[in-house]
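Residues per chain are reported as follows:
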Amino acid sequence: MPIRKSNSSTDRHMPKLLELTAPPIEPPYWQDHPNQPIEVGTHKAEYAMADGTKSLEVKVRMTFLPDNSLEFVIPPDSLSPDDIFGALASRGIEDLKWTATGAVTKVYRIRSGMDGIVLHPTSTPSSPYQVIQGLKVAKVCLFNFPDFFSSEDYILTTQTPAGKSMSSLAMQTLTASGWRITIAALPATKANCKALPETGGMVTTHAIKIEREDGATFSSDQLSHIKSVLHRFLSFAIGRWAGVGPTVAFDEAGTRKWENWGLGLASRDEWNVSHSWFDPHHGEALSAVFPGFYNTSNHQLWKKPLWKALYWYIRANAGGSGMGPDTGLIIAQASLELLAWTYCVSDRAMVSAQAFGRRGLSASDKLRLLASALAIPTTIPASLRTLVAQPG
């Protein structure tokens, strides 16, 4: 992939962007349009049938209508009539053992599909692997993340019948504790982001690459942990659950060694209703905030309160049926009071636990104390004239 610095900008103060002839990250999977099913691949597995355990070819796919779903499909030509009847009659939780790795996925039989018996894992995301060591790089699909701009954007140059085409696409690098995470838009990102408000559902918008800054290898457990932190961070950034999705990891030789399928918590049909601190015109804010979020989320005292506060924040921001502004304010206040307690009482011991008790400080004073301790101005900006004019 030829790389050079682009000198196309006429503004000497603008950063010079990388000019590439191919996207910097090849996503493990992609959708051409919202809600298109993703065919993950076919894997050999062992499954208990009426006449004993059978070795089968299981097709793995992700679907997004009416909801996000991970499906394991057993083709009908692999089964006898008795097996099909038994599979449909049983609704209990059973084991699907992946032949290549020996890992077991808990599944339940749900229905007969057009292309066979459809099984669903009891939890998603799901991996057909046990713990793997020696991973060098991981690639992840990111769903429903807004298109953004930053100083790290790149220029994608392609040849078309009409001649040379150049387009600017988003890219941002996050670093923390030796991890390097690159988020990059792809040629279809703008079109997919534009289509989502009308279609709803889910679509891949960006690709993510995860690696160690020093080039060291890591385990699948370490990868799962950094993905979890990244999922929470990106959700915090956009004010709704970010779709950090299926993952493929490779060893130093470039061999595919570990996979993770499906989506965890991911907001759908909420493309334009959430509001947050992240400005898509300043993608570099992600890099500035991520190290502090990573450190706080791994702090023994803070990890649980931060997770609860994030959950309530996103819940308050979601809106929807039965969730008006008044309900959202109540939930958001609970989130802020938890942060105030953790910081002012548990972390810094600025006041006693009694001060945050029933006969202690008022809710407003608790939040003022937190804001003052963090050097956050508590005065309402004069530009918000209507709000300033309100009594109290």
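Quick look at the structure, then. (Residues numbered from 1 in each chain as written. Predicted model: local features only at pLDDT ≥ 70, side-chain atom pairs only at ≥ 80, totals over all residues. Heavy atoms only, no water.)

### Quick look at the overall build of the protein chain
Okay, so step 1: When helices and strands are counted, the protein chain shows eight helices and 16 strands.
Okay, so step 2: Projected onto the principal axes, the alpha-carbon positions of the protein chain cover approximately 75 × 60 × 45 Å.
Okay, so step 3: Expressed as a percentage of its 392 residues, the buried residues of the protein chain come to 42%.
Okay, so step 4: Considering only contacts within the protein chain whose residues lie at least 6 apart along the sequence, 64% involve residues at least 24 apart. (Helix = DSSP H or I, 4+ residues; strand = E, 2+ residues; numbered from the N terminus. Buried < 20%, exposed > 50% of the residue type's maximum accessible area, 1.4 Å probe, protein only. Contact = heavy atoms within 4.5 Å.)

### Side note on the packing of helix α3 (residues 220-238) against helix α4 (residues 284-297)
Okay, so step 1: Packing of α3 against α4 leaves a shortest axis separation of 10 Å and a crossing angle of 125°. The angle between the axes of α3 and α4 places the two elements in the oblique class. In the crossing of α3 with α4, the sense of the turn from one axis to the other is right-handed. Along the contact surface, α3 presents I226, V229, R232, F233, F236 and A237, while α4 presents L286, V289, F290, F293, Y294 and S297.
Okay, so step 2: For the contact of α3 with α4, the residue count by class is 10 nonpolar, one polar and one charged. (Axes fitted to C-alpha atoms, helices over the stretch in contact; angles between N-to-C directions. Parallel < 35°, antiparallel > 145°, perpendicular 65-115°, else oblique. Left-handed = near helix turned anticlockwise from the far one by under 90°. Nonpolar A, V, L, I, M, F, W, Y, C, P; charged D, E, K, R; others polar.)

### A closer look at the sheet that holds strand β12 (residues 171-176)
Okay, so step 1: Taken in spatial order, the six strands line up as β12-β13-β14-β9-β15-β16 in an open sheet, and their pairing is antiparallel. Of all the strands in the sheet, the pair left with one neighbour each is β12 and β16 (256-260). Neighbour-to-neighbour, the strand axes of this sheet turn through a mean angle of 20°, independent of strand direction.
Okay, so step 2: As paired elements, β12 and strand β13 (residues 179-185) share six bridges and run antiparallel to each other. Pairing of Q172 across the sheet is with I183, part of β13.
Okay, so step 3: Packing of α3 onto the sheet brings it into contact with β9 (137-143), β12, β13, β14 (204-212), β15 (243-250) and β16, and relative to β15 it is tilted by some 155°. (Pairing = 2+ DSSP bridges.)

### A look at the state of the cysteines
Okay, so step 1: Inspection of the entire model under this criterion finds zero disulfides.
Okay, so step 2: In this structure C141 is not part of a disulfide, and its nearest cysteine sulfur, from C193, lies 14 Å away. (Disulfide = S-S within 2.5 Å.)

### What about the nonpolar core?
Okay, so step 1: Grouped together as the largest cluster of nonpolar side chains are 44 residues, with contacts concentrated most on I210, L223, L234 and F290.
Okay, so step 2: Looking at this core, the elements with two or more residues in it are β9, β10 (154-160), β12, β13, β14, α3, β15 and α4.
Okay, so step 3: Setting aside residues up to four positions removed in sequence, L234 forms contacts with L142, F145, I183, A242 and V244.
Okay, so step 4: Residues L70, I74, V107 and M202 belong to the second largest nonpolar core, which totals 30 residues. (Core = buried A, V, L, I, M, F, W, Y, C linked by side-chain atoms within 4.5 Å.)

### Remarks on the pairing of strand β5 (residues 69-74)
Okay, so step 1: When you tally the buried positions in β5, you get six out of six residues, the bulk of the element.
Okay, so step 2: On β5, burial covers both faces: S69, E71 and V73 on one face and L70, F72 and I74 on the other are all buried.
Okay, so step 3: Bridge analysis of strand β4 (residues 52-63) against β5 gives five bridges, and the strand direction is antiparallel. Considered in β5, the bridge of M62 is made with L70.
Okay, so step 4: The loop that links β4 with its antiparallel partner β5 comprises five residues.
Okay, so step 5: By the bridge criterion, three bridges tie β5 to strand β8 (residues 116-121) in an arrangement that is antiparallel. Within the sheet, the bridge partner assigned to I74 lies in β8 and is I117.

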